[in-house]
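Here is how the chains run, residue by residue.
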Amino acid sequence: MSGAKGHPVGSTRSALPDPDLSRLLLENLATGVFGVDLEGRFTFLNRAATRLFGFTSPESVLGRDSHSLTSHGDEDGVRYTVMDCPIHRAMVTGRPLEVGTDTFRRIDGSPFFARYYATPLFDGEGDVQGAVVAIEDITENLLRERTLTQYKAVFDAARDAILLHDQRAIIDCNPASVALFGARSPEGLIGRHPGDCSPELQPDGRPSRETAETYATQALTEGSVAYEWLCRGLDGRTFPSEVLLSRVDLPEGPFLQAVVRDITERQRAERALQRSQAELAAAQEMARLGNWVWEIDSGRLSWSDEVFRIFGLEPESRPPDYAEFLRFLHPEDRDRFERAVAKALDGESGYELEYRILQPGGSQRTVQERGRLVRDDGARPVRVRGTVQDITDRRRLEDQLRDQRDLVETILDGLPALFFLLDPEGRLVRWNHNLEGVTGIGEAQIQGRPATELADPLDRERLGRAFALTLQEGSAEIEAGLRTRDRRLVPYLFTCNRVHLEGGTFLAGFGVDISERKRLEKELARQASHDRLTGLYNRWKFEEVLELELERARRYGTQFSVVMFDIDHFKRVNDDFGHDIGDRVLRRIGELVSQQVRRTDILARWGGEEFMLLLSETGLEQALQLAESTRVRVGQTDLPECGRLTISLGVTEYRPGETVPTMLKRVDNALYAAKQGGRNRTISA
């Protein structure tokens, strides 16, 4: 469907199996997702976005300016103005925007590179109300094969008490904790030992502190543990509780999160239920509805106490007559109500409809009413009996769930990642637009298709095993190739989670294109071992190879030699011609020597104008010959801008039993002797 102004606002495909998928998907996304209004203020953040920016909780930044908190800039780190911000432009233009790589800053000022996607949000009139932004930190992706383990937020269940501690002291707590334990402020709990929140002994006689330490050890080892516990408030009051103790890995190290729920009322209700279940069931049923009678001839209404409450009146009030009652109805619903009643009086046995009422204080409520016609012996309608139920909260919840479902639809279709939902047989039952766009396969061909068929044939068996593992153990992660619409094979990282919807089990998965990450990892590995200026191996890599060659010589009795050389009077080149010419000379010398050596030999830039050669399977005499021919070759070559230069070389061979530092010291001495002897010569040691 589309908004009133033609903007796309949702998918035309079938709804998700369960509205609860909204919460499940948002909170399990590895990708950060947050929303902003037209003023750039945060409207929501999921767990990943909260962690990404370093906020303590989503609540701590809701309503605050996202632009200043995230310090968004281009990939060079130059901060955008509000008007130049791509997220702002997406809201101005009403068009989704994907950005390659930009710079953001966390709340502590530390920078990170991110890839993000901004999707405008439209209201029912087609006007932009804000934007949803999906953001992924790709800084760590350059250095690690997997994304960092997601840190859980401390304040996810705001209605329950949540304490964060390190077994020695409480370091944070939420407002529910302050109220539950009778503190005046969070400072009344922070800094206390967790044992201060328990009596000395539990009801079964176990010492509270020792037992709590056992549970803490179990949570740190296994991840979480749930148990019932007797708590004590700061005022000495004790109360039964239900505790979920979980390990939370934060940058400072592992901590423990205790979610505490007071179950006093639940236990009391359970005992009451055991005493008289039938009585409780009847009371609950009566509490949901109010009943009424309308005498048609007189227009008099009789209401139960619950009906008075629904209409915002005191039960002791005089019931209104029918004409007065109609004034409570919302003007837009009054005609529809009267038509339903008239139709019932004309022959129908009753009616059922929903309508809105306006209470005396101005509050609007939504009710569901059922009426049944009563006739006298002559079949003349004499009264209507019925019930009325306040369904405002239910309708509000349904609206919220529908809005959340629509939001999830928008988010999923706006994500740069692939999303898919599989049934237990691995067949596709839900997906986002990106899956169709990447594969080039339409909705009709995707629905019900085994997901493995979209992958590279060589990866299908592994992918199928990963899906099976997800259904068995709850989650799995796998890299596999995906054939795109242009027949390219693109590597993807698939993250899968088991979810339960409508009493059934499904697999929710996300796929992220990691081709750029693979390329960057390869480039990082090359940069770690190569000199940036010359492209030759660097000193660290040369020492690593030299250690391996020396170990091989020790084990198999092979021989090898090392040549160390530098450019004579290189400082003059930099002084006379500038460092740019000096850099070109270094690169050209590296090229000349590379042409002289064998493919099995290792040439590296040692530092400055110094170079090293590792000649495997080469004795001293042969090494001297190669070094001397290299010296002559360099000396006869015209170099850029500065003419001809010479080099000095030191040569040595491996001696059984010696170490790498000993060998390097000897070859360095040989080079020093060549320099002292007048330069442009080769000396062995």
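Every residue gets a number counted from 1 within its own chain, in the order that chain's sequence is written. This being a predicted model, a pLDDT of at least 70 is required before a residue's local features are given, and a value of 80 or more before pairs of side-chain atoms are given or counted; all residues contribute to the totals for chains, interfaces and linings. Each side-chain value is derived from all of the structure's non-hydrogen atoms; neither hydrogens nor water enter the calculation.

1. Looking at empty space enclosed by the protein
If a probe as big as a water molecule is rolled over the atoms, it shows which places are left empty. Our working definition: Buriedness for pockets is judged along seven lines, at least five of which must meet protein on both sides within 12 Å for an open set on the 1 Å grid over protein atoms alone, while cavities are sets there where a 1.4 Å probe fits but cannot get out, and lining residues have an atom within 4 Å of a point. Grid points are joined across faces, edges and corners, and a volume is the space filled by probe spheres set on the points. Numbering of helices and strands starts at the N terminus; helices are DSSP runs of H or I of at least 4 residues and strands are runs of E of at least 2.
Under the defined criterion, the tally for this structure stands at 5 cavities of 30 Å³ or more. Taken as a whole, the largest cavity spans an internal volume of roughly 330 Å³. Every residue lining the largest cavity is counted, 21 residues in all, and those nearest its centre are His165, Pro194, Ser198, Ala212 and Tyr227. Only β6 (161-165), α6 (208-222), β8 (224-232), β9 (238-250) and β10 (253-262) provide two or more residues apiece to the lining of the largest cavity. Broken down by element, the lining of the largest cavity gets its largest block of residues, 5 residues, from α6.

2. Here we look at the sheet that holds strand β25 (residues 682-684)
Stated precisely, the cut-off is as follows: Here a strand pair is declared whenever DSSP counts at least two bridges between the two strands. For every element, the axis is a line fit to its C-alpha atoms; helices are fit only across the contacting stretch, and the angle between N-to-C directions ranges from 0 to 180 degrees.
Strand order in the open sheet formed by 5 strands is β22-β23-β21-β24-β25, with mixed pairing between adjacent strands. The strands lining the two open edges of the sheet, one partner per strand, are β22 (602-607) and β25. With strand direction ignored, the average angle separating the axes of adjacent strands in the sheet is 20 degrees. Relative to strand β23 (residues 610-616), strand β21 (residues 560-567) is paired through 7 bridges, and the arrangement is antiparallel. Considered in β23, the bridge of Asp566 is made with Glu610.

3. So, the packing of aromatic side chains
This is how the line gets drawn: What counts as a ring pair is set by centres within 6.5 Å for rings of Phe, Tyr and Trp (its six-membered ring), and what kind of pair is set by the plane angle: stacked under 30 degrees, edge-to-face over 60, tilted for all other angles. A 1.4 Å probe rolled over the protein chains alone gives each residue an accessible area, and that area as a share of the maximum for its type sets the label: buried under 20%, exposed over 50%, partly exposed in between.
All chains considered together, the criterion is met by 28 aromatic pairs. Aromatic side chains Tyr492 and Phe494 sit 5.9 Å apart centroid to centroid with 25 degrees between the ring planes, which places their arrangement in the stacked category. Here the two residues Tyr492 and Phe494 agree in accessibility, since each one is buried. Here the aromatic cluster, defined as three or more aromatic residues joined through ring pairs, consists of Trp294, Trp303, Phe308, Phe311, Tyr322, Phe325, Phe328, Phe337, Tyr351 and Tyr355.

4. Quick look at the packing of helix α18 (residues 570-577) against helix α19 (residues 579-596)
In plain terms, the rule: These descriptions rest on fixed angle ranges, namely under 35 degrees for roughly parallel, over 145 for roughly antiparallel, 65 to 115 for roughly perpendicular, and the rest for oblique. Contact between two residues is taken to exist if any of their heavy atoms lie within 4.5 Å; hydrogens are not considered.
At a minimum axis separation of 7 Å, α18 and α19 run at an interaxial angle of 140 degrees. The angle between the axes of α18 and α19 places the two elements in the oblique class. Across the interface between the two elements, Phe570, Val573, Asn574 and Phe577 of α18 pack against His579, Ile581, Gly582, Val585 and Leu586 of α19.

5. A word on the environment of Leu645
Along the chain, Leu645 falls in the loop between α20 (620-635) and β24 (647-653). Assessed through its relative accessible area of 12%, Leu645 is described here as buried. Along the primary structure Leu645 and Ile589 are separated by 56 residues, whereas in three dimensions their C-alpha atoms are 9.6 Å apart. Excluding residues within four positions of it along the chain, Leu645 makes contact with Ile567, Val573, Val585, Val634, Gly635 and Leu639.

6. Describing the environment of Arg427
Filter applied, for reference: Any N or O atom pair separated by 3.5 Å or less is treated as a polar contact, with the protein-specific requirement of one donor-capable and one acceptor-capable atom, and with residues adjacent in sequence counted only for side-chain atom pairs.
Along the polypeptide, Arg427 turns up in the loop between β16 (418-422) and β17 (428-431). Take Arg427: its relative accessible area is 36%, and that puts it in the partly exposed class. Residues Arg427 and Ile446, 19 residues apart in the sequence, show an inter-C-alpha distance of 9.0 Å. Those residues in contact with Arg427, other than ones at most four positions away along the chain, are Leu421, Leu422, Gly448, Arg449 and Pro450. Within the structure, Arg427 has its side chain in polar contact with the side chain of Glu425 (distance 3.2 Å).

7. A closer look at the pattern of salt bridges
In plain terms, the rule: Salt bridge, as used here, is a side-chain nitrogen of Lys or Arg placed within 4 Å of a carboxyl oxygen of Asp or Glu.
Throughout the structure, instances matching the rule amount to 45 salt bridges. Linking Arg555 and Glu551 is a salt bridge whose minimum nitrogen-to-oxygen distance equals 3.9 Å. Of the two residues, Arg555 and Glu551 both sit in helix α17 (residues 539-556), 4 residues apart, roughly one turn of that helix. For Arg555, a relative accessible area of 58% translates into the label exposed. Among the residues examined, Glu551 registers a relative accessible area of 37% and is labelled partly exposed. Two residues, Glu658 and Arg666, come together in a salt bridge whose shortest N-O distance is 2.7 Å. The exposure class of Glu658 is buried, given its relative accessible area of 9%.

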